[in-house]
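Breakdown of the fold
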Amino acid sequence: MKSITALFLLFCFLVPSALAQLKFAFYGPSCHRAGSIISTVVANSFRSDPSITAALLRMQFHDCFVTGCDASLLIDPRPGRPSEKSTGPNASVRGYEIIDEIKRQLEAVCPGIVSCADIVALATRDAIKLAGGPSFLIKTGRRDGLRSNPADVNLPGPTIPVSASIQAFAAKGMSVNDMVTLIGGGHSVGSIHCSLFQDRLNDPAMDRSLNAQLRNTCRAPNDPSVFLDQRTPFVVDNAIFGEMQRQRAVMRIDSNLAFDGATSGIVSSFAQSNSLFRQRFAQAMEKMGTIGVLTGRAGEIRRNCRVFNNGR
């Protein structure tokens, strides 16, 4: 009985202790303009480049799935001191200038208050709404990490089998439904370089007209990019799930989700109902945003999102 009680207490300290300190309107008393500043910067950026939704979604995913949602991805590498940005999977992550501008404006009105980790979460949420996705509330109070090591980066790749992807998401506390929702939602507005889906072009099951179209595009020099969702590439919606079922998915993992026994039913349900997808996507984004968060006195509130406060 004592061992059971001890195990229960250990679980309580390890799991909910951090999450309990995340709360809605965390910055209300200390920086009430935080939300409006973030929303304005994101809206201005979206007007000139609607692809920022895909960029910020990818940024948050790549940050949260390494050491947690702690803005470790934002740290710039230095001579002799590489960071998560230095790795291949993060080489094409973009949108850092949006986070920089938000941080600059926030530091001017409430210095040392709003974390870079919360900026990423809130900016991504706002960008999703601007792209026609669901509007949802998220808890804040995250703090910024003190580590950014390229050795920590082990992100799921574009050719990962469904079973391995399920394991990777489960390791972060995410369900199969969360996985399908986040992959589909993220890819509904994303793009990919031709060099990263050559295996799919050689798949005889792929829709012939799409295959021919992609092969023609990919003949161009400098490794061009194509949209992952050929129907509504700038809208966060369920269209990509129907494309998966019709073998019009560009990425191997997207195609496999539609035909694997563990995920095909979820893909089908989302393909039939955009409202269901929107509901689940909002829930999955909220959940992903709590992975490995630092709260309370852990970590720090960076003054510059690209550099640890101690300058190292």
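Position numbers for residues start from 1 in each chain and track the written sequence from start to end. Only residues with pLDDT of at least 70 get local features here, since the model is predicted, and only at 80 or more are side-chain atom pairs given and counted; chain-wide, interface and lining totals rely on the full set of residues. The side-chain quantities take in all heavy atoms of the structure and omit both hydrogens and water.

**Comments concerning the state of the cysteines**
Here a disulfide denotes one covalent bond, and it connects the sulfur atoms of two cysteines. Going by this rule: The definition used for a disulfide is geometric: two cysteine sulfur atoms within 2.5 Å. Numbered from the N terminus, helices here are DSSP runs of H or I no shorter than four residues, and strands are runs of E no shorter than two. Note on exposure labels: buried denotes an accessible area under 20% of the residue type's maximum, exposed denotes more than 50%, and partly exposed covers the range between, all computed with a 1.4 Å probe on protein chains only.
Under the defined criterion, the tally for this structure stands at 4 disulfides. Here C31 engages in a disulfide with C110; their sulfurs sit 1.9 Å apart. With C31 in the loop between α2 (16-19) and α3 (34-48) and C110 in the loop between α5 (96-109) and α6 (116-130), this residue pair connects regions lying 79 residues apart in the sequence. One exposure class covers both C31 and C110, and it is buried. Paired through a disulfide, C64 and C69 show a sulfur-sulfur distance of 2.0 Å. On the S-S bond that ties C64 to C69, the torsion sits near 120°, and the link is right-handed. This pair shows no difference in class: C64 is buried, exactly as C69 is. Sequence-ordered numbering of the bonded cysteines in the protein yields a pairing of 1-4, 2-3, 5-8, 6-7.

**What to know about the UniProt feature "active site" (unreviewed entry) in the protein**
Stated precisely, the cut-off is as follows: UniProt positions are given in the numbering used here, feature names are shortened, and annotations may be inferred rather than shown by experiment.
UniProt marks H62 with the feature "active site" (unreviewed entry), using the numbering shown here. With respect to the element layout, H62 can be found in helix α4 (residues 52-64).

**Regarding the packing of aromatic side chains**
Spelled out, the test is: Only rings of Phe, Tyr and Trp enter the pairing, Trp through its six-membered ring, and a pair is recorded when the two centres are within 6.5 Å. The plane angle decides the type: under 30 degrees is stacked, over 60 is edge-to-face, the rest tilted.
Applying the stated criterion across every chain yields a total of 9 aromatic pairs. Pairing F26 with Y27 gives two aromatic rings, centres 5.0 Å apart and planes at 85°, and the pair type is edge-to-face. For F26, a relative accessible area of 28% translates into the label partly exposed. Y27 sits in the buried class, given a relative accessible area of 6%. Relative to F281, the ring of F277 has its centre 5.4 Å away and its plane inclined at 25°; by these criteria the two rings are stacked. In this pair, F277 and F281 are both assigned in helix α14 (residues 274-288), 4 residues apart and thus about one turn of the helix distant. What makes F277 buried here is its relative accessible area of 0%.

**Here we look at the packing of α3 against α6**
To describe two helices that pack against each other, one gives the angle between their axes and the distance between the axes. Here is the rule: Structural elements are reduced to axes, namely lines fitted to C-alpha atoms, with helices fitted over the stretch in contact, and the angle between N-to-C directions of any two is expressed from 0 to 180 degrees. Should an angle lie under 35 degrees it is considered roughly parallel, over 145 roughly antiparallel, and from 65 to 115 roughly perpendicular; all remaining angles are considered oblique. In this scheme, a crossing is called left-handed if the near helix is turned counterclockwise away from the far one by less than a right angle; it is called right-handed if the turn is clockwise. By definition in these notes, contact holds between two residues if any of their heavy atoms fall within 4.5 Å. Here the term charged refers only to Asp, Glu, Lys and Arg, the term nonpolar to Ala, Val, Leu, Ile, Met, Phe, Trp, Tyr, Cys and Pro, and the term polar to all other amino acids, Gly among them.
Closest axis-to-axis distance for the α3/α6 pair is 9 Å, and the angle between their directions is 50°. Considering their axes alone, α3 and α6 lie oblique with respect to each other. For the element pair α3 and α6, the recorded crossing hand is right-handed. Seen from α3, the contacting residues are I38, S39, V42, A43 and F46; seen from α6, they are I119, L122, A123, D126, A127 and L130. In terms of residue class, the contact of α3 with α6 is made up of 9 nonpolar, 1 polar and 1 charged.

**Describing the UniProt feature "site: Transition state stabilizer" (unreviewed entry) in the protein**
Following the UniProt record, one finds the feature "site: Transition state stabilizer" (unreviewed entry) at R58. Among the residues examined, R58 registers a relative accessible area of 31% and is labelled partly exposed. Residue contacts for R58: discarding those within four places in its chain leaves P89, S92 and V93.

**Points about the packing of helix α8 (residues 176-187) against helix α12 (residues 252-259)**
α12 packs onto α8 with a crossing angle of 135° between their chain directions and a minimal axis gap of 11 Å. Relative to α12, the element α8 lies oblique. Pair α8 / α12 crosses with left-handed handedness. From α8, M179, V180, I183 and H187 reach across to α12, where they touch I253, D254 and L257. Of the residues belonging to the contact of α8 with α12, the class tally is 5 nonpolar, 1 polar and 1 charged.

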